[in-house]
Amino acid sequence: MNPALQGLITIVVGVGGCVAYYYFSNQLLDKVLFPARGPEAGRNINRANMIRPWLFLFPALFALGLYLAYPVFETLRLSLTQRLPGGGSEWVGLQNYRNMLGEPKFWEALRNNMLWLIVVPAASTAFGLLAAQLTDRIRWGNIAKSLIFMPMAISFVGASVIFKLIYDTRAADQPQIGVLNALWLQFEGGFWSLVFLKIVPALILLAFAAIVAWVAWIFVRPMFKTGEPTGFWTVPLRLFVAGAAIYLIFLSLRSIVNIFGAELPYGQPQTWLTIPFWNNFFLMVVLIWIQTGFAMVILSAALRGVPEDTVEAAIVDGANPFQIFFRIKVPQIMPTIVVVWTTITIVVLKVFDIVFAMTNGQWETQVLANYMYDKLFRANDWGIGSAAAMVIMLLVTPILVWNVWNARRELR
Amino acid sequence: MDNIVGKKSGLTWAVHISVALLVALWLFPTLGLFVSSFRTADQIVSSGWWSAFRTQEAQLAPIRVAGEEVQRDGRYVIEGTLFPRGQATLSHWGVNVNRPTEFAPGDTADLGDGVTLTVDETGAYVLSGPSSFEGQRLPRIFSTATTPPEFTLDNYRNILLDPRNVDGMAKAFFNTLTVTIPATIIPILVAAFAAYALAWMDFPGRALLIAAVVGLLVVPLQLALIPLLKLHLNVGIGKGYLGVWLAHTGFGLPLAIYLLRNYMVGLPRDIIENAKVDGATDFQIFTRIILPLSFPALASFAIFQFLWTWNDLLVALVFLIDATGETTVMTKQIVELLGTRGGNWEILATAAFVSIAVPLVVFFTMQRYLVRGLLAGSVK
């Protein structure tokens, strides 16, 4: 059958089936099972109203259960078993996890995922905040927003093609058609090379370290203040944040030293996607490019929701624009920033298409989702593949719990 | 906001410039692909897309003299042109790889043994010699020429309209469309009923169900791949459209229910209670009042689901595309092209742009709903 025709029939059958299900099940409930007539009319109406919500919910609950809830448990089971040749499976306990932990590719994927988790949400939120704040102040801001938001509509695969063109490399004697190499070949080690390739990156890293230190200080400060009530159970969390921050600051400072020590291969076109470690950042740029628009739209709505009088009061008190932004507006939209951050974090944890399309995990760019796909469908090892999926699930779980917690608080 | 107290901020110009830079930076990558998709393969290789709008002088790949040999005035002559499309102007040429700009247009080069070669400004060349060139290696011409900006629709013709092209996107385009439309419509209906029940009907366990939906919102669909593929194979759906429609429906439901419920909860209570007093059943309230009023939320979700299913690669790879490749979708086709046609940017850029174009149109026409949906989904 022609797939288009099949699609059409599916729409008709699907939509018609849904409508018919809801209509006839309601009719059945009201007219046949518990008719609102006769001696028990009142009781019947009540009974029907008790059942009706479940009629409305049943298809959705069924689909949710089958397509999202059941797989979580089935994947858990699969991760503890091993397929036997000729069908069937046997229980192997934690053996799959042990095998997975023994693979260097897994650790590479985990390390890269952590890098993605730090860089992409931070950069997207920062750019989004910047874009939101700037575009809100000018007349053509809406057009600007629309254009920055546009990559949201582009598929990860499409974006990968777009950026592969940017990273394209030709031999040194041919004209470069990738922007990055064309720019790179402009540098020859002179004054501007020093400014753009050493000083600017060092400043960015320094700013990053400063922001990390600031965030860590916010977390740690209440522990030193006496008299302020801090929940005892938050202490490990605070210490963890402090430890992570110190590690990140150490990394950035070391990178600054490395930048000034490095000999750059001026005049040679680079194949950007094959430079180990740094190629991860070239892949991350793609996702940052896509997600910034999302962060901008949401943060811009939050910024507009900041009460005018707090800003006016600050102006009257003589605050400059930077103080207004960082000390008045940002603290007030902190909850929204957290929401944006976690949403992007989840996108990052699931990132697959970009790595699959651009490097397929070669040159040390593997990430968990692509590692899992590799195991499931190339190596055909469902045990380790499922174990890798469970690792992704484990990383998502804190956010899941936090979301549910918030949702329940809101409902009360 | 700084001019509230009547003071125009001195930073206004800095803001304009920074926003312009930011927009340029964000637009630049897409623009590159867009421009490249209208250039010929030669143009793409010979210069970066950013110089596509200029008349450019570039050294062209060497062209070997070829053509029918004729006898004229006792000499053997071969005539032809370097630029069959007639768009370029020659500025220098040469016959030696080490001296590619040795001659000016109109010069006559002496190739020894009485053989001469003349190339004029339009690229027309005349090779003449005292004896036949039969069986000889003809000389190569190295040329430097200026070409005016030139754009072509040929790439799109090849990719979309040529049915024999194995790299074509036409089939994949229709397959994507076939996946997308049912996968967008069906979850809306299922989710709308559920959202109504969660928003406006009272029953034990409602709060728990809402919490469950919020939890499922972030469950990675990676977990579902193997269990569901096994399930599909066991019940006989196998790999195909039905499977991918069901999968997209299942994966899209949490967001749909969440968005629609949040919206429906905000509808005025009076309308619903009045209708109840007037004797309307829940089914009637839903179809006559709630659905029409919820149109903005339905539209938001429809756009999300459309973009998501159109742009999806993973679900299609696992649930749809079988070994025959008949049901390939555009994202998969592009990944294949990246592997097999890695350097042929005229093919890649065009194929990618074909797949990007539809979401972009949807995005720019329905942006209002998209933004509203995003806000309803996150600023809660």
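Residues numbered from 1 in each chain as written. Chains lettered and ligands numbered in written order. Predicted model: local features only at pLDDT ≥ 70, side-chain atom pairs only at ≥ 80, totals over all residues. Heavy atoms only, no water.

**Some thoughts on the overall build of chain A**
Now for step 1: Scanning chain A for helices and strands turns up 16 helices and two strands.
Now for step 2: Taken along its principal axes, the extent of the C-alpha atoms in chain A is 95 × 70 × 50 Å.
Now for step 3: Each of the 412 residues in chain A was classed as buried or not, and the buried ones make up 47%.
Now for step 4: Put simply, of all contacts in chain A between residues at least 6 apart along the chain, 68% involve residues at least 24 apart.
Now for step 5: Element-wise, carbon and sulfur atoms account for 69% of the exposed surface of chain A, whose accessible area totals about 20,900 Å².
Now for step 6: Taking the average place of the 29 positive charges on the side chains of chain A and the average place of its 21 negative ones, the gap between the two points comes to 8 Å. (Helix = DSSP H or I, 4+ residues; strand = E, 2+ residues; numbered from the N terminus. Buried < 20%, exposed > 50% of the residue type's maximum accessible area, 1.4 Å probe, protein only. Contact = heavy atoms within 4.5 Å. Areas by Shrake-Rupley, 256 points an atom, 1.4 Å probe, with all protein chains shown as cover. Lys, Arg positive; Asp, Glu negative; His and termini not counted. Charge placed at Lys NZ, Arg CZ, Asp CG, Glu CD.)

**Examining the overall build of chain B**
Now for step 1: Within chain B, the regular secondary structure consists of 13 helices and nine strands.
Now for step 2: Taking 2.2 N^0.38 as the reference for a compact globule, 380 residues should give roughly 21 Å; the C-alpha atoms of chain B span a radius of gyration of 32 Å, well beyond that estimate.
Now for step 3: With the C-alpha coordinates of chain B rotated into their principal frame, the extents come out at 110 × 70 × 35 Å.
Now for step 4: Taken across its 380 residues, chain B has 52% of its residues classed as buried.
Now for step 5: Within chain B, residue pairs in contact and separated by at least 24 positions form 70% of the contacts whose partners lie at least 6 positions apart.
Now for step 6: Carbon and sulfur atoms provide 59% of the accessible area of chain B, an area that totals close to 16,900 Å².
Now for step 7: Computed over 26 positive and 28 negative side-chain charges, the inter-centroid distance for chain B is 13 Å. (Rg over C-alpha atoms; globule rule 2.2 N^0.38 Å.)

**Notes on the pairing of strand E3 (residues 69-72) of chain B**
Now for step 1: Relative to strand E4 (residues 75-81) of chain B, E3 of chain B runs antiparallel, the two sharing four bridges. Counted as the bridge partner of Arg-72 of chain B is Arg-75 of chain B from E4 of chain B. (Pairing = 2+ DSSP bridges.)

**What to know about the nonpolar core**
Now for step 1: Counting 216 residues, the largest nonpolar core has Trp-116 of chain A together with Met-264 and Phe-319 of chain B as its most contacted members.
Now for step 2: Among the nonpolar cores identified, the runner-up in size contains 18 residues, and Phe-83, Ala-109, Val-115 and Ala-145 of chain B belong to it. (Core = buried A, V, L, I, M, F, W, Y, C linked by side-chain atoms within 4.5 Å.)

**Examining the sheet that holds E4 of chain B**
Residue and element names in this part refer to chain B.
Now for step 1: Taken in spatial order, the five strands of this open sheet run E3-E4-E8-E7-E6, and their pairing is antiparallel. Both outer strands of the open sheet, E3 and strand E6 (108-110), are each paired with one neighbouring strand and no more. Neighbour to neighbour, the strand axes of the sheet diverge by 25° on average, direction disregarded.
Now for step 2: Judged from the six bridges that link them, E4 and strand E8 (residues 124-129) form a sheet pairing that is antiparallel. Bridge pairing in E8 links Tyr-76 to Gly-129. (Axes fitted to C-alpha atoms, helices over the stretch in contact; angles between N-to-C directions.)

**Comments concerning the domain arrangement of chain B**
Now for step 1: Segmentation of chain B into domains returns domain 1 (11-54), domain 2 (56-147) and domain 3 (158-378).
Now for step 2: Placing a centre on the C-alpha atoms of domain 2 of chain B and another on those of domain 3 of chain B gives a separation of 60 Å. (Domains from an automatic or database assignment.)

**A closer look at the interface of chain A and chain B**
Now for step 1: Taken together, the contacts link 109 residues of chain A with 108 residues of chain B.
Now for step 2: Across the interface of chain A and chain B, roughly 9,800 Å² is buried in total on both sides, 81% from carbon and sulfur atoms.
Now for step 3: Looking at the side of chain A facing chain B, the largest losses of area belong to Phe-56, Tyr-67 and Leu-68 of chain A, adding up to 8% of the total buried there.
Now for step 4: At the surface where chain A touches chain B, the tally comes to one salt bridge.
Now for step 5: Close ionic contact of Glu-74 of chain A with Lys-230 of chain B constitutes a salt bridge, the shortest N to O distance being 3.1 Å.
Now for step 6: Between the two partners, chain A and chain B, sit nine residue pairs in polar contact (both at pLDDT 80 or more).
Now for step 7: The greatest single-element share of the side of chain A that touches chain B, amounting to 22 residues, is contributed by helix H2 (residues 41-79) of chain A. (Buried area = accessible area lost by both parts, 1.4 Å probe. Salt bridge = Lys/Arg side-chain N within 4 Å of Asp/Glu carboxyl O. Polar contact = N/O pair within 3.5 Å; in protein donor to acceptor, adjacent residues only side chain to side chain.)

**Here's the deal with unusual backbone geometry**
Residue and element names in this part refer to chain A.
Now for step 1: With a phi angle near 70°, Phe-277 is a residue other than glycine that sits in the positive phi range.
Now for step 2: Turning to its location among the elements, Phe-277 is positioned in the loop between helix H9 (234-261) and helix H10 (278-304).
Now for step 3: Despite not being glycine, Trp-363 has its phi angle at roughly 55°, a positive value.
Now for step 4: Tracing the sequence through the fold places Trp-363 in the loop between helix H14 (353-358) and helix H15 (368-378).
Now for step 5: The exposure class of Trp-363 is partly exposed, given its relative accessible area of 38%.

**Quick notes on the packing of aromatic side chains**
Now for step 1: Counted under the stated rule, the structure contains 41 aromatic pairs over all chains.
Now for step 2: Centre to centre, the rings of Phe-56 of chain A and Tyr-196 of chain B are 5.8 Å apart; their planes meet at 40°, and the pair counts as tilted. Remark: Tyr-196 of chain B occurs in helix H4 (residues 170-200) and Phe-56 of chain A occurs in helix H2; the pair is interchain, linking two chains. There is no split in this pair, since Phe-56 of chain A and Tyr-196 of chain B are both buried.
Now for step 3: Ring centres 5.4 Å apart and planes at 75° place the aromatic pair Phe-106 of chain A and Trp-107 of chain A in the edge-to-face group.
Now for step 4: Looking at Trp-107 of chain A, the relative accessible area reads 45%, which means it is partly exposed.
Now for step 5: Looking at Arg-368 of chain B, its charged tip hangs above the ring of Tyr-369 of chain B, at a distance of 4.9 Å from the centre. (Phe/Tyr/Trp six-rings, centres within 6.5 Å; stacked < 30°, edge-to-face > 60°. Lys NZ or Arg CZ within 6 Å of the ring centre and 35° of its normal.)

**Describing the packing of helix H11 (residues 308-316) of chain A against helix H12 (residues 321-332) of chain A**
All names here are of chain A.
Now for step 1: Where H11 contacts H12, the axes come no closer than 11 Å and their chain directions differ by 160°. As far as their axial angle goes, H12 and H11 are roughly antiparallel. At the point where H11 passes H12, the crossing takes the right-handed sense. Two secondary-structure elements touch here, H11 through Thr-310, Val-311, Ala-314 and Ile-315 and H12 through Ile-324, Ile-328, Lys-329 and Gln-332. (Parallel < 35°, antiparallel > 145°, perpendicular 65-115°, else oblique. Left-handed = near helix turned anticlockwise from the far one by under 90°.)

**Quick notes on the confidence of the model for chain B**
Residues and elements named next belong to chain B.
Now for step 1: Averaged over all residues, the pLDDT of chain B is 81; the fraction at 70 or higher stands at 95%.
Now for step 2: In the model of chain B, strand E1 (residues 56-59) stands out as the element of lowest mean pLDDT, 70, in contrast to helix H10 (residues 295-311), which has the highest, 88.
Now for step 3: Low confidence marks residues 1-7, where pLDDT is under 50. Its contacts with residues over four positions away, or in another chain, come to 15 contacts. (pLDDT = per-residue confidence, 0-100.)

**Comments concerning H10 of chain B**
Now for step 1: Between its terminal C-alpha atoms H10 of chain B stretches 24 Å, which fits the 24 Å expected from 17 residues at 1.5 Å a residue.
Now for step 2: For H10 of chain B, the tally of buried residues reaches 14 of 17 residues, placing the bulk of the element in the interior. (Expected span 1.5 Å × (residues − 1).)

**What to know about H2 of chain A**
Now for step 1: Relative to the 57 Å expected for 39 residues at 1.5 Å per residue, H2 of chain A spans 54 Å between its end C-alpha atoms, a close match to the ideal helical length.
Now for step 2: Of all the bends found along H2 of chain A, the most pronounced is centred on Leu-57 of chain A and spans about 50°, while Pro-59 of chain A, a proline, follows it within four residues. (Bend = angle between axes of the 7 residues up to and from the residue.)

**Notes on the pattern of salt bridges**
Now for step 1: One pass over the full model with this rule turns up ten salt bridges over all chains.
Now for step 2: For the salt bridge of Lys-375 of chain A with Glu-103 of chain A, the shortest nitrogen-to-oxygen distance reads 3.0 Å. In this pair, Lys-375 of chain A is assigned in helix H15 and Glu-103 of chain A in the loop between helix H3 (95-101) and helix H4 (104-135), connecting sequence segments 272 residues apart.
Now for step 3: In this structure, Asp-136 of chain A engages Lys-145 of chain A in a salt bridge whose closest nitrogen and oxygen atoms are separated by 3.0 Å.
Now for step 4: Among the charged side chains, a salt-bridge network with shared partners connects Glu-74 and Arg-77 of chain A together with Lys-230 of chain B.

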